[in-house]
Amino acid sequence: MANERLRVLEDVEKEIAAILQCAGNIVLELSKDKHNASFLDRQLVQFQSSVNRVESELSGQIRYLTQVATGQPHEGSTYSARKDCQMALNRAEYAKVKLGELGRTCEVMLEQPQQHQQPT
């Protein structure tokens, strides 16, 4: 899954390079005294479609990162399950400590009446 995400980001990087190339071609063509309208139209269409693809892919990446950051379960990650498990272990340990304290308190309470009864 992580390799796929990296590959997608590499594709986005290539697409950004294509956008810059189209923009450069458009500026170069516009700087000429007489420019080729059909060439400009083709470059503009390519520029716009590349920008749309980059926007779409980056939006998908942002959605994925938002899910990961909020702890919602998502495909390919065990973070949420590990976090839930760790929290359950912490609660179990806390309950164990509190039960031990309660047990000691009960033992002390049970010993106190016996101490009062013995002298009489």
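That block above? That's the structure.
Within each chain, residues carry numbers counting from 1 in the order of the written sequence. Thresholds applied to this predicted model are a pLDDT of at least 70 for local features of residues and 80 or more for the giving and counting of side-chain atom pairs; totals over whole chains, interfaces and linings are not thresholded and use all residues. Side-chain numbers here rest on the full set of heavy atoms in the structure, without hydrogens or water.

> Account for the overall build of the protein chain, with residues named and values stated.
Helices and strands together make up the secondary structure of the protein chain, namely three helices and zero strands. In DSSP terms, a helix is any run of H or I states spanning at least four residues, a strand is any run of E spanning at least two, and both are numbered starting from the N terminus. Listed by position from the N terminus, the elements making up the protein chain come as α-α-α. The buried share among the 120 residues of the protein chain stands at 14%. Should any heavy atoms of two residues lie within 4.5 Å, those residues are counted as being in contact. Of the contacts formed within the protein chain by residues at least 6 apart in sequence, a portion of 58% connects residues at least 24 apart. Method for areas: the Shrake-Rupley scheme with a 1.4 Å probe, in which residue coverage is limited to the protein chains shown. Split by element, the accessible area of the protein chain, about 9,700 Å² in all, is 58% carbon and sulfur. Classification of residues uses two cut-offs on accessible area relative to the type maximum, computed with a 1.4 Å probe and protein chains only: under 20% is buried, over 50% is exposed, and between them is partly exposed.

> Tell me about a nonpolar patch on the surface, and name the residues and values.
What goes into a patch is any residue over 30% in relative accessible area without a salt bridge, connected to like charges within 9 Å or, for nonpolar side chains (Val, Leu, Ile, Met, Phe, Trp, Tyr), within 5 Å. Any carboxyl oxygen of Asp or Glu that lies within 4 Å of a side-chain nitrogen of Lys or Arg is treated as forming a salt bridge with it. Among the surface-exposed residues, Leu6, Leu9 and Leu58 lie close enough to one another that they form a single nonpolar patch of about 240 Å² accessible area. As for its position among the elements, leucine 58 is in helix 2 (residues 37–70). On the basis of relative accessible area, leucine 58 is assigned to the partly exposed category, the value being 34%.

> Break down helix 1 (residues 2–30) for me, citing the residues and quoting the values.
Three- or four-residue spacings in an α-helix give side chains the same orientation, since the helix completes a turn every 3.6 residues. For helix 1, with 29 residues, the first-to-last C-alpha span of 42 Å sits near the 42 Å given by 1.5 Å per residue. Within helix 1, burial applies to Val8, Val12, Glu15, Ile19, Cys22, Ile26 and Glu29. Given the number of residues in a helix, its expected span is that number minus one, multiplied by 1.5 Å.

> Outline the packing of aromatic side chains, listing residues and values.
Only the six-membered ring of Trp is used, alongside the rings of Phe and Tyr, when aromatic pairs are assigned; centres must lie within 6.5 Å, and planes under 30 degrees apart are stacked while those over 60 apart are edge-to-face, with the rest tilted. Applying the stated criterion to the full structure yields zero aromatic pairs. Arginine 5 extends its terminal NZ or CZ atom over the ring of tyrosine 64, reaching a point 3.6 Å from the ring centre. Note on geometry: a ring has a charge over it if NZ (lysine) or CZ (arginine) is within 6 Å of the ring centre and within 35 degrees of the ring normal.

> Help me get a handle on the pattern of salt bridges, residues and values and all.
Here the structure, examined in full by the defined rule, presents five salt bridges. Put simply, lysine 32 and glutamate 29 hold a salt bridge, and the shortest N to O gap is 3.2 Å. When its relative accessible area of 7% is taken as the criterion, glutamate 29 is described as buried. Linking lysine 98 and glutamate 101 is a salt bridge whose minimum nitrogen-to-oxygen distance equals 3.3 Å. Of this pair, lysine 98 and glutamate 101 both sit in helix 3 (residues 79–117), three residues apart, which is roughly one turn of the helix. For lysine 98, a relative accessible area of 38% gives the class partly exposed.

> Account for the side chain of glutamate 29, naming residues and giving values.
In this structure, glutamate 29 sits in helix 1. When near neighbours in sequence (up to four residues on either side) are disregarded, glutamate 29 contacts Lys34, His35, Asn36, Phe39 and Leu40.

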